[in-house]
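# Coordinate analysis (summary)
The lines below spell out each chain.
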Amino acid sequence: MSDVLLPGAMPGESKEMTLDNAKEMTLGVMGGGQLGRMLVHAAQRMGYFTAVLDPDADSPAGRVSHHHIQTAYTDPAGLAQLAQICAAVTTEFENVPAQALAQLAQTRPVAPSADAVAIAQDRAREKAHFVACGVPCAPFALIESAVQLAQVPDDLLPGILKTTRMGYDGKGQVRVATRAELVAAWDGLKQVDCVLEKMLPLQQEVSVIVARGADGACVHLPVQRNLHRGGILAVTEVYEGNMPAALAERAVAAAKSIAEGLRYVGVLCVEFFVLDANAPAAQGLGGLVVNEMAPRPHNSGHYSLEACDVSQFELQVRTLAQLPLTQPRQHSPAIMLNLLGDLWPAQGTPPWDQILALPGAHLHLYGKAKASPGRKMGHLTLTGTTVDQVRATALEAARLLGIAAF
């Protein structure tokens with residue numbers, strides 16, 4: 001793939017499609033969710049064919065891709081078929097088995113690598129990587145046994161007990177204030193490997209999306225300020241001044257350091273907590289700690305489709321196809337509202353006609369047939385010429401949809 005400059009054509013060559021160059025023009029995606037769907041659309045807009053491997057016959061990405069390989073992620077025949085069709089492969093969510101990516105990497109470029117995804121799948125390994133990169137995280141203790149549980153320092157309570165694997169959108173997390181609650185929570189989580197993190201005084205949550213190429217070039221989107229409700233992202237606000245400039249620079253530098261330490265190739269989102277620096281529990285942490293990383297595009301970066309000249313999904317295509325990375329520029333203030341299944345009435349749909357009558361409203365629905373509480377059904381991005389205008393429009397959209405004000 002190092003010689004791919006444009007889809008299906010080298011300089012001076014014809015772009016006419018032939019059977020011989022079909023594979024050169026096909027990019028593979030492990031996973032068929034909404035992130036894969038938006039990646040497929042970005043790749044197709046740039047002239048690529050796509051192949052999605054996902055076991056769900058109705059997966060959002062599989063329904064819009066040129067090829068849908070409907071098998072389990074570890075199915076040898078399915079992986080062989082994906083490798084036979086595609087020139088390079090990526091993943092659209094972090095819980096794709098790392099061993100499947102490793103198998104694909106034996107014959108095809110895979111970005112991000114299986115090793116990077118495996119680290120992101122394990123909170124203990126993830127935190128060890130953050131520490132190795134010199135990026136501060138919340139004080140924590142690893143709990144893999146009853147002995148380690150008993151040895152947890154008192155100053156880590158109150159805290160949040162998190163499973164080391166398969167936790168996302170608030171799943172696998174329990175807040176604990178006392179040792180008795182900690183023991184009960186670990187039992188409730190079936191005594192799987194966990195990390196206990198000290199609860200810190202938070203001012204806000206932010207994220208940084210970086211894209212790093214195989215040549216080491218690294219670019220980033222603006223820092224995104226996020227509001228979570230029930231452990232799920234609800235609102236993202238991105239505009240100049242959404243957080244102090246010095247902290248924003250530190251967050252970007254930390255995210256790039258984390259990517260560099262992994263020798264990462266692809267799009268990576270790193271989430272941070274901004275602390276109340278005056279609170280005693282936050283002393284010595286510098287006002288900013290890393291929370292976790294996602295080895296893929298991220299919900300908080302969806303605004304880039306309308307508000308930036310290069311979206312997070314185009315960046316993912318570029319890293320996969322080894323095309324040049326250019327620093328994205330945000331040309332409009334933006335606020336994104338996550339649209340969960342809770343918004344769908346028992347009969348009918350939300351008032352999209354009223355939403356689309358708002359200036360700067362960009363609606364994305366993910367093609368999921370059934371709405372259920374907590375399920376990500378789509379997102380709405382509001383853009384405009386001023387922050388005040390965008391905030392006013394976003395608050396009106398929230399009112400129309402029944403989303404709590406922010």
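Just so it is clear, the model here is predicted, and its values are computed rather than measured. (Residues numbered from 1 in each chain as written. Predicted model: local features only at pLDDT ≥ 70, side-chain atom pairs only at ≥ 80, totals over all residues. Heavy atoms only, no water.)

Moving on: the side chain of Asn242. With respect to the helices and strands, Asn242 occurs in the loop between β12 (232–238) and α9 (245–262). When its relative accessible area of 6% is taken as the criterion, Asn242 is described as buried. A distance of 3.0 Å separates a polar side-chain atom of Asn242 from the backbone oxygen of Val223. Once you skip the residues sitting within four places of it in the chain, Asn242 turns out to touch Gln204, Val223, Gln224, Arg225 and Glu237. (Helix = DSSP H or I, 4+ residues; strand = E, 2+ residues; numbered from the N terminus. Buried < 20%, exposed > 50% of the residue type's maximum accessible area, 1.4 Å probe, protein only. Polar contact = N/O pair within 3.5 Å; in protein donor to acceptor, adjacent residues only side chain to side chain. Contact = heavy atoms within 4.5 Å.)

Turning our attention to the sheet that holds strand β6 (residues 159–163). Taken together, 4 strands build an open sheet; the order of strands is β5-β8-β6-β7 and the sheet is antiparallel. With one partner strand each, in any of the chains shown, β5 (140–143) and β7 (173–176) form the two edges of the open sheet. Each adjacent strand pair in this sheet contributes to an overall mean axis angle of 20°, direction not counted. As judged from the 4 bridges shared by β6 and β7, these two strands associate in the antiparallel manner. Considered in β7, the bridge of Lys162 is made with Gln173. In this fold helix α6 (residues 123–132) packs onto β5, β6, β7 and β8 (194–198), with an angle of close to 50° to the strand it touches most, β8. (Pairing = 2+ DSSP bridges. Axes fitted to C-alpha atoms, helices over the stretch in contact; angles between N-to-C directions.)

Moving on to the packing of helix α2 (residues 34–45) against helix α11 (residues 312–321). Across the interface, α2 lies against α11 with an axial gap of 9 Å and an inter-helix angle of 70°. In terms of axis orientation, α2 runs roughly perpendicular to α11. Like other packed secondary-structure pairs, α2 and α11 cross with a definite hand, here right-handed. Residues Leu35, Met38, Leu39, Ala42, Ala43 and Arg45 of α2 form the contact with α11, whose own contacting residues are Phe313, Glu314, Gln316 and Val317. (Parallel < 35°, antiparallel > 145°, perpendicular 65-115°, else oblique. Left-handed = near helix turned anticlockwise from the far one by under 90°.)

Turning our attention to α2. For α2, with 12 residues, the first-to-last C-alpha span of 17 Å sits near the 16 Å given by 1.5 Å per residue. Of all 12 residues in α2, 9 are buried; the element is thus mostly enclosed. Among the residues of α2, Gln34, Leu35, Gly36, Arg37, Met38, Leu39, Val40, Ala42 and Ala43 are the ones counted as buried. Downstream of α2 by a residue or two, Gly47 has a phi angle that is positive, lying close to 100°. (Expected span 1.5 Å × (residues − 1).)

On to α6, then. Considered for burial, the residues of α6 that qualify are Arg123, Glu126, Lys127, His129 and Phe130. Relative to the axis of α6, the buried residues are bounded by an arc of 155° and lie together on one face. Exposed and facing more than 90 degrees away from the buried side of α6 are Val131 and Ala132. Measuring from the side-chain oxygen of the N-cap residue of α6 to the backbone nitrogen of Ala124 gives 2.9 Å; that N-cap residue is Asp122. (Arc of directions from axis to C-beta.)

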